[in-house]
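Examination of the molecular architecture
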Amino acid sequence: MSVLVYTENWDGKFKKLTYELVSYAFGVAEMLKTELIALSIGNMDRNELMKLGDYGAGKIINITNDQLLSLDNQVYTSTIAEVAMKEGVEVIVISNNNAGKALAPRLSVRLKAGVGSGVSKLPLCINPFTVYKKTYSGNAYAHVVIKSNIKILTLAQNSFVLNETANNSSIENMNVTIDSSSVKTEVKDVQKQTGKILLTDAEIVVSGGRGMKSPDNWGPIEELAELLGAATACSRPVADEGWRPIGEHTGQTGKIIAPNLYIAVGISGAIQHLAGISGSKCIVAINTDKDAPIFEAAEYGIIGDAFKVLPKLIEAVKEIKS
Amino acid sequence: MKILVCISSIPDTTTKIKFVEDNTKLDTTDIQWVINPWDELSLTRALELKDDVSSGVKSVTVAHVGLAASELTIRKALAIGADDAIRVNTESYDAYYVAGQLAEVIRKEHFDIIMCGIESSDFNGSLAGGMISEFLEIPSVSAVSGIIVENGQVMITREIDGGKEVITVPVPFVAIVQKGIAKEPRIASMRGIMMAKTKPVRLYEPAAIEPLTQIVVFEKPASHSACKFIDPENPKQLIELLQNEVKVI
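What you are looking at is a predicted structure, and each value in this text was computed from that prediction instead of being measured.

Regarding the overall build of chain B
When helices and strands are tallied, chain B shows 6 helices and 15 strands. In terms of overall dimensions, chain B has a C-alpha envelope of 60 × 45 × 40 Å along the principal axes. Looking at the 249 residues of chain B, the share that counts as buried comes to 49%. Long-range pairs, those at least 24 residues apart, make up 72% of the contacts in chain B with a sequence separation of at least 6.

What to know about the overall build of chain A
Along its length, chain A carries 9 helices and 16 strands. The C-alpha atoms of chain A give a radius of gyration of 21 Å, which matches the 20 Å a tight globule of 322 residues would have. Summarising its shape, the C-alpha atoms of chain A cover approximately 60 × 45 × 40 Å along the three principal directions. Taking all 322 residues of chain A together, the buried fraction comes to 54%.

Quick notes on the interface of chain A and chain B
Counting residues at the interface gives 74 residues for chain A, matched by 64 residues for chain B. Sorting elements by how many residues they give to the side of chain A that touches chain B places helix 4 (residues 98-111) of chain A first, with 8 residues. Pairing analysis gives 6 bridges linking strand 11 (residues 186-192) of chain A to strand 11 (residues 163-168) of chain B, with the strands arranged antiparallel. When the sheet's bridge partners are listed, A:Val190 is paired in strand 11 of chain B with B:Glu165.

Notes on helix 4 (residues 128-136) of chain B
Taking burial as the measure, the 9 residues of helix 4 of chain B include 9 buried ones, the bulk of the element. Among the residues of helix 4 of chain B, B:Ala128, B:Gly129, B:Gly130, B:Met131, B:Ile132, B:Ser133, B:Glu134, B:Phe135 and B:Leu136 are the ones counted as buried.

Some thoughts on the domain arrangement of chain A
It is common to give the size of an interface as the accessible area lost on bringing the parts into contact. All names here are of chain A. Its domain assignment divides chain A into domain 1 (2-182) and domain 2 (204-321). For domain 1 and domain 2, the distance between their C-alpha centres works out to 33 Å. At the interface, 6 residues of domain 1 touch 6 residues of domain 2. A per-class count over the side of domain 1 that touches domain 2 returns 1 nonpolar, 5 polar and no charged.

Quick word on helix 3 (residues 95-108) of chain B
Because each turn of an α-helix spans 3.6 residues, side chains separated by three or four positions in sequence point in the same direction. Residue and element names in this part refer to chain B. Counted at 1.5 Å a residue, the expected span for helix 3 with its 14 residues is 20 Å, and the 20 Å between its end C-alpha atoms agrees. With 11 of its 14 residues buried, helix 3 lies for the most part within the structure. Every buried residue belonging to helix 3 is among Ala95, Tyr96, Tyr97, Val98, Ala99, Gly100, Gln101, Leu102, Ala103, Val105 and Ile106, and all of these are buried.

Quick word on the sheet that holds strand 13 (residues 231-234) of chain A
Spatially, the 6 strands line up as an open sheet ordered 13(A)-12(A)-14(A)-15(A)-16(A)-15(B), and their pairing is parallel. Each edge of the open sheet is held by one strand with a lone partner, namely strand 13 of chain A together with strand 15 (228-229) of chain B. Here 5 bridges tie strand 14 (residues 261-265) of chain A to strand 15 (residues 282-287) of chain A, and the two strands are oriented parallel to one another. Bridging across to strand 15 of chain A, A:Val265 finds its partner in A:Ile286. Where helix 5 (residues 219-228) of chain A meets the sheet, it contacts strand 12 (204-208), strand 13 and strand 14 of chain A, and its direction lies at approximately 175 degrees from that of strand 12 of chain A.

Notes on the environment of A:Lys133
Residue and element names in this part refer to chain A. Looking at where Lys133 falls in the secondary structure, it is placed in strand 7 (residues 129-135). Judged by the 23 C-beta atoms lying within 10 Å of it, Lys133 falls in the buried class. Remark: the alpha-carbon pair of Lys133 and Ser117, spanning 16 residues in sequence, is separated by 7.0 Å. Excluding anything up to four places from it in sequence, Lys133 contacts Gly116, Ser117, Gly118, Val119, Tyr141, Ala142 and Val144.

Here's the deal with the nonpolar core
One finds A:Val5, A:Ala25, A:Ile92, A:Val93, B:Val5, B:Ile132 and B:Ala175 to be the most contacted residues of the largest nonpolar core, which totals 126 residues. Residues in contact with B:Ala175, not counting those within four places in the same chain, are B:Ile113, B:Met115, B:Val141, B:Val144, B:Ile147 and B:Ile156. Counting 51 residues, the second largest nonpolar core, distinct from the first, contains A:Ile286, A:Ala306, A:Val309 and B:Ile230.

Some words on the pairing of strand 15 of chain A
Among the 6 residues of strand 15 of chain A, 6 are classified as buried, and the element is accordingly described as predominantly covered. With helix 7 (residues 271-277) of chain A bridging strand 14 of chain A and the parallel strand 15 of chain A, this β-α-β connection has right-handed handedness.

A closer look at unusual backbone geometry
Excluding glycine, a negative phi dihedral is what most residues carry, and trans is how most peptide bonds are arranged. Following A:Asn127, the chain continues to A:Pro128 via a peptide bond in cis, the omega torsion being 0 degrees. Residue position: A:Pro128 is located in the loop between strand 6 (125-126) and strand 7. Look at the link from B:Val171 to B:Pro172: it is a cis peptide, with omega at -5 degrees. Among the secondary structure elements, B:Pro172 is positioned in the loop between strand 11 and strand 12 (173-177).

Looking at the packing of helix 9 (residues 306-321) of chain A against helix 6 (residues 236-245) of chain B
Relative orientation of the contacting elements helix 9 of chain A and helix 6 of chain B amounts to 45 degrees, with a least axis distance of 8 Å. With respect to each other, helix 9 of chain A and helix 6 of chain B are oriented oblique. Crossing of helix 9 of chain A against helix 6 of chain B: the hand is right-handed. Taken together, the residues of helix 6 of chain B that come into contact with helix 9 of chain A (itself represented by A:Leu313, A:Ala316, A:Val317 and A:Ile320) are B:Lys236, B:Ile239 and B:Gln243.

Focus on the sheet that holds strand 12 of chain B
Pairing is mixed across the open sheet formed by 10 strands, whose spatial order is 11(A)-11(B)-10(B)-9(B)-12(B)-8(B)-1(B)-6(B)-7(B)-13(B). Pairing within the sheet leaves two strands with one partner each, and these edge strands are strand 11 of chain A together with strand 13 (201-204) of chain B. Adjacent strand axes in the sheet meet at a mean angle of 30 degrees when their direction is disregarded. Helix 4 of chain A contacts strand 9 (140-150) and strand 10 (153-160) of chain B of the sheet and is inclined by roughly 95 degrees relative to strand 9 of chain B.

Considering the confidence of the model for chain B
Per-residue confidence for chain B averages 95 on the pLDDT scale, and 100% of its residues sit at or above 70. Scored as a complex, the prediction yields pTM 0.94 and ipTM 0.95.

A look at the packing of helix 4 of chain A against helix 4 of chain B
Where helix 4 of chain A contacts helix 4 of chain B, the axes come no closer than 7 Å and their chain directions differ by 45 degrees. Between helix 4 of chain A and helix 4 of chain B, the angle falls in the class oblique. The handedness of the crossing between helix 4 of chain A and helix 4 of chain B is right-handed. Of helix 4 of chain B, the residues touching helix 4 of chain A (which contributes A:Ala102, A:Pro105, A:Arg106, A:Ser108, A:Val109 and A:Arg110) are B:Gly130, B:Met131, B:Ser133, B:Glu134 and B:Phe135. Class assignment of the residues belonging to the contact of helix 4 of chain A with helix 4 of chain B gives a composition of 5 nonpolar, 3 polar and 3 charged.

Definitions and limits used
Residues numbered from 1 in each chain as written. Chains lettered and ligands numbered in written order. Predicted model: local features only at pLDDT ≥ 70, side-chain atom pairs only at ≥ 80, totals over all residues. Helix = DSSP H or I, 4+ residues; strand = E, 2+ residues; numbered from the N terminus. Buried ≥ 20, exposed ≤ 12 C-beta atoms within 10 Å, placed from the backbone. Contact = placed C-beta atoms within 7 Å. Rg over C-alpha atoms; globule rule 2.2 N^0.38 Å. Pairing = 2+ DSSP bridges. Domains from an automatic or database assignment. Nonpolar A, V, L, I, M, F, W, Y, C, P; charged D, E, K, R; others polar. Expected span 1.5 Å × (residues − 1). Axes fitted to C-alpha atoms, helices over the stretch in contact; angles between N-to-C directions. Core = buried A, V, L, I, M, F, W, Y, C linked by C-beta atoms within 7 Å. Right-handed = clockwise from strand over helix to strand, strands pointing away. Parallel < 35°, antiparallel > 145°, perpendicular 65-115°, else oblique. Left-handed = near helix turned anticlockwise from the far one by under 90°. pLDDT = per-residue confidence, 0-100.

Here is the structure:
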């Protein structure tokens, strides 16, 4: 009865979210007084795999197979389920990112395992197995009991602190046979942004709303983001108007993010927008309207014209950086 | 080619969420129910595909799991333009239960493309679509931000971390749909609203499926401490606070 964590890699590398995930899974394994097994699919360097051990993985299973080069949900589900059955796992931990959202529900049905989705803290109780999760887009939380023998937990990004734990870990290469006819989806083309900090990975986000008045006014937002090593985001009207790419839309129907610092410039803070950012550790709002709802969600606020405040803010950041 | 759009009925996003019976049930008084926003976008894209004769899409059906009270939401979908609807007459206990019910119906009525929103804004599970595909043992593509159908051939755009992929997939399959699939949700016309009244809603009784999870209690989030305002003439103070007090930069 062990805990299995599925660790995705990006071109052979893990990310901070991987280590958050492993730290979380190790916490669950400790609650259950059992071992943590990490599963990695793809061609991985030994040193990179061993990093999973630094966060508590006792056994690291690595699977390489040409049929697993792109994410086919069915084939990945079969592979992870096979490992889970063979290892007799009780809990499977996956990220709540795109890949996790694709795989967790399929695994749930395959293994008849109830899912606690988008959890941000350790289970409240292991008997009955109870998790704490966001509902109504952050307007409420629920205690959810998972009644099945196997449980699946998907962890919200940037919601759990890294926890380094020295562990004697070992790598096991596992072979799986996959018939090429079982791969039904085919990736024809990949377009990747390069060099930009991903919104979902970013620890600091600078976001602009309709108050920026025109797509031509984004210069100071981008400059501030660059100085802070931040990603840029925007509110829904801005994305809908085509001022900024859709991928920057943060809010209920866009990206849900949880950075350490979220700076909202010219965003009034409609409830749908707040639903996407309420997980942020610290929210700063700059708005001309003192009654804007964003100030109710913010830790710090500046009532003022963004076009006057931003240059001063940029100067202040430059000063501390130098 | 036939498309099924699975729709969930959720409290209007501006509703104040309250609970009753010792915080175990949603207080449904004064709630206005709407189609889950992602499902609405899926329906919009499905109808666009049907409007385009070269797609080969002949019909768009909506399916919903819910009691009779949710007929209003179904009629909205019909008014927007769906040809007909399916309702499974039961409460939705959890995602596994709902997906199982929808899979039972899909087994009885054949569909080529099954579209589901990536999340419902009530339980935020991101589960039902993927579960349906696994119940039916058919392919699924998640984080779908674009779908093109030409003469029965399907091309999907899938969002990945920091980019997108173009994918082909054979029918039948489940598309789990996110932002970008359609620009804006289609709005019902007066004619649509009139026509919706006579469109067929097929009723199914639920299959025996055991839910795997149960919500035991709800909690409201902790109230937020008051915003600390900083002089707009002196934003430097903000940077100092962020650096020294909250230590985020």
